[in-house]
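Reading the structure
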Amino acid sequence: MSISSFFVFCAFNTFQPNVISIFPEDARLALGLLYCVYAFSNLIAPVLLPKISCNILFAFSFALYLADVFAGIIKNETLFLTVSVFTGFGSAIFWSTQGAFILHFSSNASEAAELSSLFWSIFTFNAIVGFALSSVFHSILEVSLETLMLILCGTGLIGVFMSLTLPFLKLKNKQNEGKPVSFATMFKFLITKYRPLLLISFLCGLYSPYFQSNWMEYVGDVWGQPVFLVWGSVEVLFAMFLSRMTKKKSFSNVTYLYYGVLFIVFALALSSVQYLFTDTFSAIYFVIAVLYGVGDVLINNMIPSCVSEYFNSTVTFGISSFKFCQAFGYFVGFITPTVFPTIGLDVLSLINLVVALLACITLIRVFRLTSPAEFTDLPASV
C-alpha cells in the first residue's frame, strides 16, 4: 500500500506546484473545490468502508488522482475544475481507507504508530523523487512539463495496479458491524467523542498550505530548492526514526502528539519573526524547515494512533473525523489568501501561530496536565 501510494503521489505532488503556471486564473479555485469536497466526503467514507473492499477503494482513489494530473496536462480549464471535484472525493476515500487499513493490521496503538510512521517515510519520499525528476528532466534536460507528467502518470498506473493486489478486505467498526451508518451518527461522534482532537486536526490542515505554498514562495527561487530538500529529507528520516521510537514505548502517543504541536508552534514563531529580518538571516529558513518537518510527522502519525488507542470500536469514524477537520483546515488555508488578497504573510503566520497555541492549551486542559511527561490515557467519555 505504501509503495503504490508512493508511485501515485509522485505524479500528483509533482504536478501540484505547477498548477498555478498552467491555470493562473483557476488554480486556487480548483484547489479550493478539491479540499472542500475532500472535507465533506469524509462524511461518506465510513459508509463505504464496510461495503467495498479496500483494494478497490485504493485503486479507485488513485485513478482519480491521476485523472486530475491528466486533466492538467491537456490544459482544459473546465475539465480540470470538474475533475478536481472528483479528486476531492477520491482523496477522502484514500485517506480514510489508508488510516483504517493500517489500524486494522495493528494489534495496539504502539504498533499503529509504528506502521503509520513506516508508511509516512515511504509516502513522503515521493516529494524528494518528484523534485529530483523535475529538476533533471524539466530543468536540465529541458523536457517539457507535459512530457514529464505523462511519464509520471505512467508510473502512477503501476501504483493503481499494485493496489489491486492488496487483500480483499472490508473494514468495519466493531460496534457497527453489519449496521448502516447515518450522517447523524457521524456528526454525533465528531462533536462528542472526538472533540479533544478536532482543533489539532484542523491545525494539521491549516499550516500545510502556509508552509508548502505561501512560505515557500517567500523563500524564493534561490533558497527554495535546498530548503524543500531539507524539509522532505527530514520528513522521511524522522518518520523512520519515529517508527523505531514507538517500539520502545518511551512516551505515550499523546505525548508525541503534544511535542508535534510544540514543534509547529516554534516553526510558526520563527516564521513570524523572520519577516522582520533581511535575507542575510537566510539560515533561519532551514531551521524552520526542520521544525516543520518534525512536527508534521508527529502530528500526522500520532492522531491516527490516538484514534486506535482511545476509540478502538469506532476506528473508521475516528479516522474520517480527523480527515474531515484536516481537510477543512486545508480549505481555509488555501482559500484565505484568495478571498483576502491584502493579508500579508506575516498575518497568515500569526493566524496559524494562534491556532497552534490554542491546540497546545486544549491538549493541556483536556488532559488536566501541567507537563507532557504527565500525559495519561484520554478518557473515552471525553
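Residues numbered from 1 in each chain as written. Predicted model: local features only at pLDDT ≥ 70, side-chain atom pairs only at ≥ 80, totals over all residues. Heavy atoms only, no water.

**Details of the overall build of the protein**
Of the regular secondary structure elements, the protein holds 15 helices and zero strands. Classification of the 382 residues of the protein by burial places 57% in the buried group. Look at the contacts in the protein between residues 6 or more apart in sequence, and 87% of them connect residues 24 or more apart. When the accessible area of the protein is evaluated, it comes to approximately 16200 Å², of which 69% is carbon and sulfur surface. (Helix = DSSP H or I, 4+ residues; strand = E, 2+ residues; numbered from the N terminus. Buried < 20%, exposed > 50% of the residue type's maximum accessible area, 1.4 Å probe, protein only. Contact = heavy atoms within 4.5 Å. Areas by Shrake-Rupley, 256 points an atom, 1.4 Å probe, with all protein chains shown as cover.)

**Re the confidence of the model for the protein**
Averaged over the protein, the pLDDT score is 78; the fraction of residues at 70 or greater is 81%. Across residues 368-382 the pLDDT falls below 50, and counting only partners more than four positions away or on other chains, this stretch makes 29 contacts in the model. (pLDDT = per-residue confidence, 0-100.)

**Brief notes about the packing of helix H5 (residues 54-73) against helix H6 (residues 77-104)**
Between two packed helices, what matters for the description is the angle formed by their axes and the separation of those axes. The contact between H5 and H6 brings their axes to 8 Å, and the two run at 150°. Considering their axes alone, H5 and H6 lie roughly antiparallel with respect to each other. In the packing of H5 onto H6, the handedness of the crossing is left-handed. Looking at side-chain class alone, the contact of H5 with H6 contains 18 nonpolar, eight polar and one charged residues. (Axes fitted to C-alpha atoms, helices over the stretch in contact; angles between N-to-C directions. Parallel < 35°, antiparallel > 145°, perpendicular 65-115°, else oblique. Left-handed = near helix turned anticlockwise from the far one by under 90°. Nonpolar A, V, L, I, M, F, W, Y, C, P; charged D, E, K, R; others polar.)

**Things to note about the packing of aromatic side chains**
In total, this model carries 34 aromatic pairs according to the counting rule given. Both rings, one in Phe 9 and one in Phe 94, keep their centres 5.4 Å apart while their planes meet at 45°; by these two values the pair is tilted. One end of the pair, Phe 9, is in helix H1 (residues 2-15); the other, Phe 94, is in helix H6, with 85 residues separating them in the sequence. The exposure classification of Phe 9 matches that of Phe 94, with both residues buried. Consider the rings of Tyr 35 and Phe 334, whose centres lie 5.1 Å apart with planes at 10°: the pair is stacked. A residue pair is termed long-range when its members are at least 10 positions apart, and Tyr 35 in helix H3 (residues 27-41) and Phe 334 in helix H14 (residues 315-339) qualify at 299 residues. The pair formed by Tyr 35 and Phe 334 is uniform in burial state, with each residue classed as buried. Every member of this aromatic cluster is reached through a ring pair, and the members are Phe 9, Phe 12, Phe 58, Phe 62, Tyr 65, Phe 94, Trp 95, Phe 101, Phe 119, Trp 120 and Phe 123. (Phe/Tyr/Trp six-rings, centres within 6.5 Å; stacked < 30°, edge-to-face > 60°.)

**Re the environment of Ile 74**
Relative to the assigned elements, Ile 74 resides in the loop between H5 and H6. For the pair Ile 74 and Glu 146, spaced 72 residues apart in sequence, the C-alpha to C-alpha distance is 8.1 Å.

**A look at a nonpolar patch on the surface**
A cluster of nonpolar side chains, contributed by Ile 52, Ile 56, Leu 157, Phe 161 and Leu 164, occupies part of the molecular surface with about 440 Å² of accessible area. In this structure Phe 161 comes out as exposed when scored by relative accessible area, which is 56%. (Patch = residues over 30% accessible without salt bridge, like charges linked within 9 Å, V, L, I, M, F, W, Y side chains within 5 Å. Salt bridge = Lys/Arg side-chain N within 4 Å of Asp/Glu carboxyl O.)

**As for H3**
If you check H3, its first and last C-alpha atoms are 21 Å apart, about what 15 residues at 1.5 Å a residue would give, namely 21 Å. Considered for burial, the residues of H3 that qualify are Ala 27, Ala 30, Leu 31, Gly 32, Leu 34, Tyr 35, Tyr 38, Ala 39 and Ser 41. (Expected span 1.5 Å × (residues − 1).)

**Re the environment of Ile 122**
On the secondary structure map, Ile 122 appears in helix H7 (residues 109-123). Judged by relative accessible area, Ile 122 falls into the partly exposed class, the value being 34%. Separated by 118 residues in sequence, Ile 122 and Met 240 have C-alpha atoms that sit 8.8 Å apart. Apart from residues lying up to four places away in sequence, Ile 122 is in contact with Ser 2, Ile 3 and Phe 6.

**Some words on the side chain of Thr 124**
The topology assignment puts Thr 124 in the loop between H7 and helix H8 (125-140). The class of Thr 124 is buried, set by a relative accessible area of 9%. At a separation of 2.6 Å, a polar atom in the side chain of Thr 124 contacts the main-chain carbonyl oxygen of Trp 120. (Polar contact = N/O pair within 3.5 Å; in protein donor to acceptor, adjacent residues only side chain to side chain.)

**Comments concerning the packing of H1 against H6**
In the contact formed by H1 and H6, the axes pass within 14 Å of each other and the chain directions differ by 145°. The handedness of the crossing between H1 and H6 is left-handed. Counted together, Ser 5, Phe 9, Phe 12 and Phe 15 of H1 and Phe 80, Thr 87, Phe 94 and Trp 95 of H6 form the full contact between these two elements. Its residues assigned to classes, the contact of H1 with H6 shows six nonpolar, two polar and no charged.

**A short note on the environment of Ser 2**
In this fold, Ser 2 is placed in helix H1. The buried category is assigned to Ser 2, whose relative accessible area is 16%. When the C-alpha atoms of Ser 2 and Thr 124 are compared, they prove to be 9.9 Å apart, with 122 residues separating the residues in sequence. For Ser 2, the contacting residues outside a window of four places in its chain are Phe 119 and Ile 122.

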